[in-house]
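Coordinate analysis (summary)
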There are 2 protein chains.
Amino acid sequence: MENCSMNQIDITGCRISLYPMKDDFASHILRSIKETDTTAVWQQTDLFSTLYRGEAASVIDAAAALFVNAYDPKTHLVGEFTFSKGCPGDLAGDAFLSGKHERPNHQQITAKGTFIVQCKYSFYVFGREDYMEEIAHIVSLADAMGLQPQSAHYVTLLSGTAAQLFAYFEQALAYAHEKLPHYVLEGTVSVNSPSLKEASLHE
Amino acid sequence: MENCSMNQIDITGCRISLYPMKDDFASHILRSIKETDTTAVWQQTDLFSTLYRGEAASVIDAAAALFVNAYDPKTHLVGEFTFSKGCPGDLAGDAFLSGKHERPNHQQITAKGTFIVQCKYSFYVFGREDYMEEIAHIVSLADAMGLQPQSAHYVTLLSGTAAQLFAYFEQALAYAHEKLPHYVLEGTVSVNSPSLKEASLHE
């Protein structure tokens, strides 16, 4: 199991699974993969997800772009993101640790990511007795960024624009990267859910 | 953030998000929720997931049934499962800790769950320095059950029938429930992925 390792290095990774809820899901996903600028990250697509690895800022840039590029006003789209401080074992990924923290998709994410998303996420810290305090700090960053964190079973809920949410993830992971030896952020980002429409009808 | 708590009790929970990749996803999900026997668990459906809480065996029984009932040979279906030793804060859930470990869907899961699934999962342990050893033990249980665990970035991959996979989850969580104060198992279960077809065409 490679979700951590004894000789960790500074590579960050993200697995992203896109779920466009439509018959024509496959071409929808492939189009978004193609439209995303991945010059700053190592990438691989498998049965479950697309995986980006590299510097934290570049990985979040690619992950955010993959979701924003898959957005379509008529489609209920969900993205599952697993961000983690990465593990060694693949030199192709390590080569992207250039120290440049490039974000080639940044402008596009800001321009396109104006739609409102709902998010649930959990932040996991390993090998630390004080992990609850670290989680509380990560949630406080969301509050400071206006994402209105709310508690639910096993997760925290957030709401804001796609661009805001991914800017928060960047800030949270920058903190984690500096302070924590091993962490995982599991986030689910949802847009155009029919449940949301039903909820507002009942208000 | 309620993904853990200082005064934990013995309640297990699971969030399940179903992604049937088709235009008519909403009725597909609702039908499966309706067909699942939830007499042994507390339940709630929100924007992201259906949540079951109660005794570990009963929660896995309901979660497995929800997936198996949503199976359809023509639909690419993905289920995201977050199992966790639960947290207090809701008495409705606690009332289901009867000590009976009921599995009202068991027969149906065994009968219907004969289709092959692909799974990626991660097992997370908190507040323990020896968390790597616990992860290794959980993976060794999958090996013993013939699910052929393979390492990938941030996850372990498994393959087997749906019934086998959920039987393994039950075994893994029984171990975790007994030995560990706080854990999360994040699993993604996929069936009928077109990527799988492409992969076998290239073999």
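Criteria and cut-off values
- Each chain has its residues counted from 1, running along the sequence as written.
- Note on labels: chains are lettered from A, ligands numbered from 1, in written order.
- Local features in this predicted model are restricted to residues of pLDDT 70 or higher, and side-chain atom pairs are both shown and tallied only at a pLDDT of 80 or more, whereas totals for entire chains, interfaces and linings draw on every residue.
- Excluding hydrogens and water, the side-chain figures rest on all heavy atoms present in the structure.
- Think of it this way: any DSSP run of H or I at least four residues long counts as a helix, any run of E at least two long counts as a strand, and we number them from the N terminus.
- Relative accessibility decides the category of a residue: with a 1.4 Å probe and only protein chains considered, values under 20% of the type maximum give buried, values over 50% give exposed, and everything between is partly exposed.
- In protein, a polar contact means a hydrogen-donor-capable atom and an acceptor-capable atom, both N or O and within 3.5 Å, with residues adjacent in sequence counting only if both atoms are side-chain atoms; elsewhere, any N or O pair within 3.5 Å suffices.
- UniProt positions are given in the numbering used here, feature names are shortened, and annotations may be inferred rather than shown by experiment.
- In this scheme, strands are said to pair when DSSP sees at least two bridges between them.
- Between N-to-C directions, angles cover 0 to 180 degrees, with each direction set by a line fitted to C-alpha atoms, over the stretch in contact for helices.
- The contact criterion used is simple: two residues touch if any of their non-hydrogen atoms lie within 4.5 Å.
- Salt bridge, as used here: a side-chain nitrogen of Lys or Arg that lies within 4 Å of a carboxyl oxygen of Asp or Glu.
- Each angle gets one of four labels, with under 35 degrees taken as roughly parallel, over 145 as roughly antiparallel, 65 to 115 as roughly perpendicular, and the rest as oblique.
- Here a crossing is called left-handed whenever its near helix is offset anticlockwise from the far helix by less than a right angle, and right-handed whenever the offset is clockwise.
- Each residue is assigned to one of three groups, with Ala, Val, Leu, Ile, Met, Phe, Trp, Tyr, Cys and Pro labelled nonpolar, Asp, Glu, Lys and Arg labelled charged, and all others, Gly among them, labelled polar.
- Confidence per residue, as judged by the predictor, is encoded in pLDDT with a range of 0 to 100.
- Here, the term nonpolar core denotes a set of buried Ala, Val, Leu, Ile, Met, Phe, Trp, Tyr and Cys residues that are joined through side-chain atoms within 4.5 Å.

As a further point, take the side chain of T38 of chain B. Residue and element names in this part refer to chain B. Note on placement: T38 falls in the loop between α1 (25–35) and β2 (42–45). Since its relative accessible area comes to 18%, T38 is described here as buried. Side chain to side chain, T38 and Q43 meet in a polar contact 2.9 Å long.

According to UniProt, the "domain: Thiamin/hydroxymethyl pyrimidine-binding YkoF putative" (unreviewed entry) feature falls on residues 11–90 and 116–195 of chain A. When the span residues 116–195 of chain A is considered, its composition is 42% helix and 36% strand, and the gap between its end C-alpha atoms is 14 Å.

In any sheet, the strands associate via hydrogen bonds between backbone groups, in a parallel or an antiparallel arrangement. Residue and element names in this part refer to chain A. Pairing in this open sheet of eight strands is antiparallel, and the strands run β2-β3-β1-β4-β8-β5-β7-β6 from one edge to the other. Each of the sheet's edge strands pairs with one partner strand only, and the pair in question is β2 (42–45) and β6 (150–152). Averaged over all neighbouring strand pairs, the angle between strand axes comes to 20°, with direction disregarded. Alignment of β6 against strand β7 (residues 155–161), held across three bridges, turns out to be antiparallel. Bridge pairing in β7 places A152 opposite V155. Sitting on the sheet, helix α1 (residues 25–35) is in contact with β1 (12–20), β2 and β3 (50–54), with an inclination near 145° to β1.

A separate point is unusual backbone geometry. Residues and elements named next belong to chain B. Backbone geometry places H101, a non-glycine residue, at a positive phi of 50°. When you line up the elements, H101 lands in the loop between α3 (91–94) and α4 (106–112). Overall, the relative accessible area of 47% leaves H101 in the partly exposed class. Phi is positive for N192, which is not a glycine, with a value near 60°. With respect to the helices and strands, N192 occurs in the loop between β8 (183–191) and α7 (194–201).

Now for the pattern of salt bridges. Residue and element names in this part refer to chain A. Applying the stated rule across the entire model yields four salt bridges over all chains. D46 is paired through a salt bridge with R15; the nearest N and O atoms lie 3.0 Å apart. Residue D46 is found in the loop between β2 and β3, and its partner R15 is found in strand β1; the two are separated by 31 residues along the sequence.

On to the sheet that holds strand β7 (residues 155–161) of chain B, then. Residue and element names in this part refer to chain B. The strand order across the open sheet built from eight strands is β2-β3-β1-β4-β8-β5-β7-β6, with neighbouring strands paired in antiparallel fashion. Looking at strand neighbours, the two that pair on one side only are β2 and β6 (150–152), the edges of this open sheet. On average, each strand axis in the sheet is tilted by 20° relative to the strand beside it, whichever way the strands run. Pairing geometry for strand β1 (residues 12–20) and strand β4 (residues 77–85), over nine bridges, is antiparallel. For Y19, the partnering residue across the bridge sits in β4 and is V78. Across the sheet, helix α5 (residues 131–144) touches β5 (116–125) and β7, and the angle it forms with β5 is around 160°. Relative to β7, helix α6 (residues 162–179) is tilted by about 130°, and along the sheet it contacts β1, β4, β5, β7 and β8.

Residue and element names in this part refer to chain A. Look at helix α5 (residues 131–144) against helix α6 (residues 162–179): their axes get within 9 Å of each other, and the N-to-C directions meet at 150°. Taken together, α5 and α6 sit at an angle that is classed as roughly antiparallel. The element α5 and its partner α6 pack so that their crossing is right-handed. Here E134, H137, I138, V139, L141 and A142 of α5 lie close against α6, whose contacting residues are Y168, Q171, A172 and Y175. Here the contact of α5 with α6 is built from residues that sort into seven nonpolar, two polar and one charged.

A few words on the confidence of the model for chain A. On average, residues of chain A carry a pLDDT of 89, and 89% of them reach 70 or more. Overall, residues 1–8 of chain A carries pLDDT values under 50, and its contacts beyond four positions in sequence, including any with other chains, amount to 34 contacts.

We now examine the nonpolar core. One recurring pattern in soluble globular proteins is that nonpolar side chains are buried together. Of all hydrophobic cores here, the largest spans 112 residues; its most connected members are F67, F83 and Y168 of chain A together with F67, F83 and Y168 of chain B. When neighbours within four sequence positions are excluded, F83 of chain A is seen to be in contact with G13, C14, V59, I60, A63, F169, L173, Y183, V184 and L185 of chain A.

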